[in-house]
Amino acid sequence: MSHTLGIRQAQKQKTRQAFLDAALALLEEQSLSSLGLREVTRAVGVAPTAFYRHFRSTADLGVALVDEALGSLHPMVRTTVSAAGDSEERITRAIELIARHVDAYPAHVRFIARERHGGVQPVREAIRAQLVRFAEEVKAELAKDPGATGWNDDDLLMLAHLYVDQMLITASLFLEALEAPAEERERVTQLATRQLRLITIGRSHWLDQAG
């Protein structure tokens, strides 16, 4: 009996993943607000009624895509601001990690970039909640750095949000340069490096304002 249940559960998960994969492919060329349920079920090859065994609506499917696209990134985001190495090593590490992620998951990055300010409220809220989590995790990593001595929680969180926003900007730039010549990707790398350096310089002098 348990073996049969296991097979059914595996098949259910497989079908659910097929919906996510089909939706992600369809969203390469359109926004979630314009995606039709029948488009997704047609792409999966099932009847429209089968959709509701897995998701309540296309918005619900979009929230699941947010979890898939961002949920696994938390360790990577923490790594990008880890206290290991000097500031230049951290910047280089962060940009390399972001570039590799964009290369590996361009559809996920495009989906988040488009839907972060898109027309489906539950998806916007899901993305915002994930980014708040990222900022809290980055703040915790920043607090471990000896350079954070004297910083209050609000300022550390503000800095964390700056880093998270910059990571998203950098990912979007690499996405735009995905099919571009190597020189364009190098230009993106150089720009992202300068932008992160600017944040780092501001960070190192932030407490000077108290004087």
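Our structure is the block above this text.
Along every chain, residues carry numbers that run from 1 in the direction the sequence is written. Where totals are concerned, whole chains, interfaces and linings use all residues; where local detail is concerned, this predicted model gives features only for residues with pLDDT of at least 70, and gives and counts side-chain atom pairs only at 80 or more. Each side-chain value is worked out from all heavy atoms of the structure, with water and hydrogens disregarded.

> Quick question: what am I supposed to make of the overall build of the chain here?
Numbering of helices and strands starts at the N terminus; helices are DSSP runs of H or I of at least 4 residues and strands are runs of E of at least 2. Along the chain, the regular secondary structure elements total 10 helices and 0 strands. Reading the helices (α) and strands (β) of the chain from amino to carboxyl end gives α-α-α-α-α-α-α-α-α-α. With respect to the principal axes defined by its C-alpha atoms, the chain has extents near 65 × 45 × 35 Å. The buried label goes to any residue with under 20% of its type's maximum accessible area, the exposed label to any with over 50%, and the partly exposed label to all in between, with areas taken from a 1.4 Å probe on protein chains only. By residue count, 40% of the 211 residues in the chain fall in the buried class. Pairs at least 24 residues apart make up 65% of the contacts formed inside the chain by residues separated by at least 6 positions. Positive residues here are Lys and Arg, negative ones are Asp and Glu, while His and the chain termini are left out of the count. Charge positions come from single atoms, namely NZ of Lys, CZ of Arg, CG of Asp or CD of Glu. Looking at charge distribution, the chain has the averaged site of its 25 positive side-chain charges lying 8 Å from that of its 28 negative ones. Any pair of residues with heavy atoms lying within 4.5 Å of one another is described as a contacting pair.

> Is there a simple way to explain the packing of aromatic side chains in this structure?
How two aromatic rings sit relative to each other is given by the distance of their centres and the angle of their planes. For this analysis, a ring pair means two rings from Phe, Tyr or Trp (six-membered ring only for Trp) whose centres lie within 6.5 Å, classed as stacked if their planes differ by under 30 degrees, edge-to-face if by over 60, and tilted for the remaining angles. As enumerated under the stated definition, the model contains 5 aromatic pairs in all. Residues Phe19 and Phe51 carry aromatic rings whose centres are separated by 5.5 Å and whose planes lie at 80 degrees to one another, so their mutual orientation is edge-to-face. Here Phe51 lies in helix α3 (residues 48-51) and Phe19 lies in helix α1 (residues 2-26), a separation of 32 residues in the sequence. Between Phe19 and Phe55, the aromatic rings sit 6.2 Å apart at their centres with planes inclined by 85 degrees, giving edge-to-face as the arrangement. On the criterion of sequence distance, the pair formed by Phe19 in helix α1 and Phe55 in the loop between α3 and α4 (58-70) is long-range, its members being 36 residues apart. Members of the aromatic cluster, connected to one another through ring pairs, are Phe19, Phe51, Tyr52 and Phe55.

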